[in-house]
Amino acid sequence: MDPPGGGKVPTRAMALRTGGAVLALLVVLYGAGVASRGTGELRIPAAGTTSLLRAAVFAALALHLGELAGAALARAGPLPRALALPAALAGAAASAGQIVVLAAVSDLGIPATYGTREGGLLLVMANGFLLAAGCVGVGRPRWALVPLAGVVLAEALRAHPEPYSPEWGTALTVVHLTAASLWAGGLCHVLRTMWLRRADPADARAVLARYARGAVWLLVVLAATGTLSTLRRLPADVVLTSAYGRVLIAKLGLVAVASTLALLARRRLLRSRDAHAAARVELAVLAAVVLLSAVLTVVPDPHWLSTR
């Protein structure tokens, strides 16, 4: 016998998820090219593939760090199936994949690619993820924080090869990437925990409330580091005429939506009302932010377009 509603709700949900996945894939694969149209900027080789691999790295970091933080917030009680090990392995594969892509577009062999600055940093990231996976495998999940910190630092160094104040850019990226990973990944783990404990609504709300208190500070850190990064990296005269500026505007718009949803969820919690729906939409928006962040790392540095 069919469930009430003839299965329409599951079918609709599946259609929405499939449509969202297809749209996400299109954004990652073609976002850099679309954003660069009419800017006069050079075409980036393998931009779509690189964006996809970097999105996988960011997602792996978020899931792993978020699980470590979320487990602490959940305290006593059942926990969802761990995703740290598959996330770390996926991050290692995505980092290694970027080495292969870099070798192909540079017309270099793999060993020679390791000798380049970017290739060497990608190798550090791949090994860092593998070490994190090993920590999980031997039953010491918290030890993974050390290699994951190395992954974050390597990504920050890789993202800032520019000659103008790279040390400031690296420091800002380390803080920004860590806070963003904890925000998105922590929320994912908390929502999975809430679903597992849905038979006890009070316990489920308590888990979300503990997360919301910390997320407010993460939001403050993200706003501060994001603003400083924008001021140092994006000249005002190319905000709308560079691919970097266009993607950044789209990302900031989504961050604003996610922040509004986070505050709405916190307000509903303070009033002892259900905040689960707002938190789920917030997570979906944060997933889109991760995708645009990956595209943002691929588009050209906007400084060469500036007239200053």
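Just so we're clear, the structure is a prediction, and the values are computed from it rather than from any experiment.

Things to note about the overall build of the chain
And then number 1: Across its full length, the chain holds 10 helices and 0 strands.
And then number 2: Secondary structure of the chain in N-to-C order comes out as α-α-α-α-α-α-α-α-α-α.
And then number 3: Taking 308 residues into account, the globule formula puts the C-alpha radius of gyration at 19 Å, and the chain, at 20 Å, falls close to it.
And then number 4: Reported as C-alpha extents along the three principal axes, the dimensions of the chain are approximately 60 × 45 × 45 Å.
And then number 5: Across the 308 residues that make up the chain, the buried fraction comes to 44%.
And then number 6: Put simply, of all contacts in the chain between residues at least 6 apart along the chain, 77% involve residues at least 24 apart.
And then number 7: Accessible area of the chain: about 15700 Å², with a carbon and sulfur share of 70%.
And then number 8: Across the chain, the 29 positively charged side chains and the 14 negatively charged ones have centroids separated by 9 Å.

Things to note about the packing of helix 5 (residues 117-137) against helix 6 (residues 145-159)
Relative orientation and spacing of two packed helices are given, respectively, by the angle between their axes and the distance between those axes.
And then number 1: For the pair helix 5 and helix 6, interaxial distance at closest approach is 8 Å and the crossing angle is 160°. One element, helix 5, and the other, helix 6, form an angle in the roughly antiparallel class. Once helix 5 is placed against helix 6, the crossing between them reads as left-handed. In contact with Arg 117, Glu 118, Leu 121, Leu 122, Val 124, Met 125, Gly 128, Phe 129, Leu 131 and Ala 132 of helix 5, helix 6 contributes Pro 147, Leu 148, Gly 150, Val 151, Ala 154, Glu 155, Leu 157 and Arg 158.
And then number 2: Broken down by class, the residue content of the contact of helix 5 with helix 6 amounts to 12 nonpolar, 2 polar and 4 charged.

Digging into the packing of aromatic side chains
By convention here, two paired aromatic rings are described through the distance between centres and the angle between planes.
And then number 1: With the rule as written, the count across this model stands at 0 aromatic pairs.
And then number 2: Above the plane of the ring of Trp 143 lies Arg 140, whose end atom (NZ or CZ) is 5.5 Å from the centre.

Details of helix 3 (residues 84-106)
And then number 1: The terminal C-alpha atoms of helix 3, which comprises 23 residues, lie 33 Å apart, in line with the 33 Å expected from a rise of 1.5 Å per residue.
And then number 2: Looking at the residues trailing helix 3, positive phi occurs at Asp 107, about 55°.

Comments concerning helix 2 (residues 47-74)
And then number 1: The terminal C-alpha atoms of helix 2 lie 39 Å apart, and with 28 residues this matches the ideal 40 Å at 1.5 Å per residue to within 8%.
And then number 2: Arg 75 sits one or two positions beyond helix 2 and adopts a positive phi of about 60°.

Things to note about the pattern of salt bridges
And then number 1: Counted by the stated rule, this structure contains 4 salt bridges.
And then number 2: For Glu 118, the salt bridge is made with Arg 158, and the minimal N-O distance between the two is 3.7 Å. Taken together, the residues span a long stretch of sequence, with Glu 118 in helix 5 and Arg 158 in helix 6 at a distance of 40 residues.
And then number 3: Exposure remark for Glu 118: the relative accessible area of 28% places this residue in the partly exposed category.
And then number 4: For Arg 158, a relative accessible area of 6% puts it in the buried group.
And then number 5: Salt-bridge contacts for Glu 155 lead to Arg 158; the nearest nitrogen and oxygen are separated by 2.9 Å.

A closer look at the environment of Gly 137
And then number 1: Mapped onto the elements, Gly 137 comes out in helix 5.
And then number 2: Classification of Gly 137 as exposed rests on a relative accessible area of 59%.
And then number 3: Between the C-alpha atom of Gly 137 and that of Leu 85, which follows or precedes it by 52 residues, the distance is 7.3 Å.

Regarding the packing of helix 9 (residues 243-270) against helix 10 (residues 276-296)
And then number 1: Relative orientation of the contacting elements helix 9 and helix 10 amounts to 160°, with a least axis distance of 9 Å. Taken together, the axes of helix 9 and helix 10 are roughly antiparallel relative to one another. Remark: the crossing between helix 9 and helix 10 carries left-handed chirality.
And then number 2: Residue composition of the contact of helix 9 with helix 10, grouped by class: 21 nonpolar, 1 polar and 2 charged.

With respect to the environment of Val 175
And then number 1: Its location among the elements puts Val 175 in helix 7 (residues 166-196).
And then number 2: On the accessibility criterion, Val 175 (39% relative accessible area) is partly exposed.
And then number 3: Dropping the residues within four chain positions of it, Val 175 is found in contact with Val 221 and Thr 225.

Side note on the nonpolar core
And then number 1: Membership of the largest hydrophobic core comes to 29 residues, with the highest contact counts inside it found for Val 57, Phe 58, Leu 61, Met 125, Phe 129 and Leu 148.
And then number 2: Only helix 2, helix 3, helix 5, helix 6 and helix 10 provide two or more residues apiece to this core.
And then number 3: With residues near it in sequence (within four places) discarded, Phe 129 still touches Val 57, Ala 60, Leu 61, Ala 88, Gly 91, Ala 92, Ser 95, Leu 148 and Val 151.
And then number 4: Residues Val 207, Tyr 211, Leu 222 and Leu 269 belong to the second largest nonpolar core, which totals 27 residues.

Points about the confidence of the model for the chain
And then number 1: A residue-level look at the chain finds 94% of positions with pLDDT of 70 or above and a mean pLDDT of 88.
And then number 2: Within the model, the stretch residues 1-7 combines pLDDT values under 50 with 0 contacts to residues more than four positions away or in other chains.

About the cut-offs
Residues numbered from 1 in each chain as written. Predicted model: local features only at pLDDT ≥ 70, side-chain atom pairs only at ≥ 80, totals over all residues. Heavy atoms only, no water. Helix = DSSP H or I, 4+ residues; strand = E, 2+ residues; numbered from the N terminus. Rg over C-alpha atoms; globule rule 2.2 N^0.38 Å. Buried < 20%, exposed > 50% of the residue type's maximum accessible area, 1.4 Å probe, protein only. Contact = heavy atoms within 4.5 Å. Areas by Shrake-Rupley, 256 points an atom, 1.4 Å probe, with all protein chains shown as cover. Lys, Arg positive; Asp, Glu negative; His and termini not counted. Charge placed at Lys NZ, Arg CZ, Asp CG, Glu CD. Axes fitted to C-alpha atoms, helices over the stretch in contact; angles between N-to-C directions. Parallel < 35°, antiparallel > 145°, perpendicular 65-115°, else oblique. Left-handed = near helix turned anticlockwise from the far one by under 90°. Nonpolar A, V, L, I, M, F, W, Y, C, P; charged D, E, K, R; others polar. Phe/Tyr/Trp six-rings, centres within 6.5 Å; stacked < 30°, edge-to-face > 60°. Lys NZ or Arg CZ within 6 Å of the ring centre and 35° of its normal. Expected span 1.5 Å × (residues − 1). Salt bridge = Lys/Arg side-chain N within 4 Å of Asp/Glu carboxyl O. Core = buried A, V, L, I, M, F, W, Y, C linked by side-chain atoms within 4.5 Å. pLDDT = per-residue confidence, 0-100.

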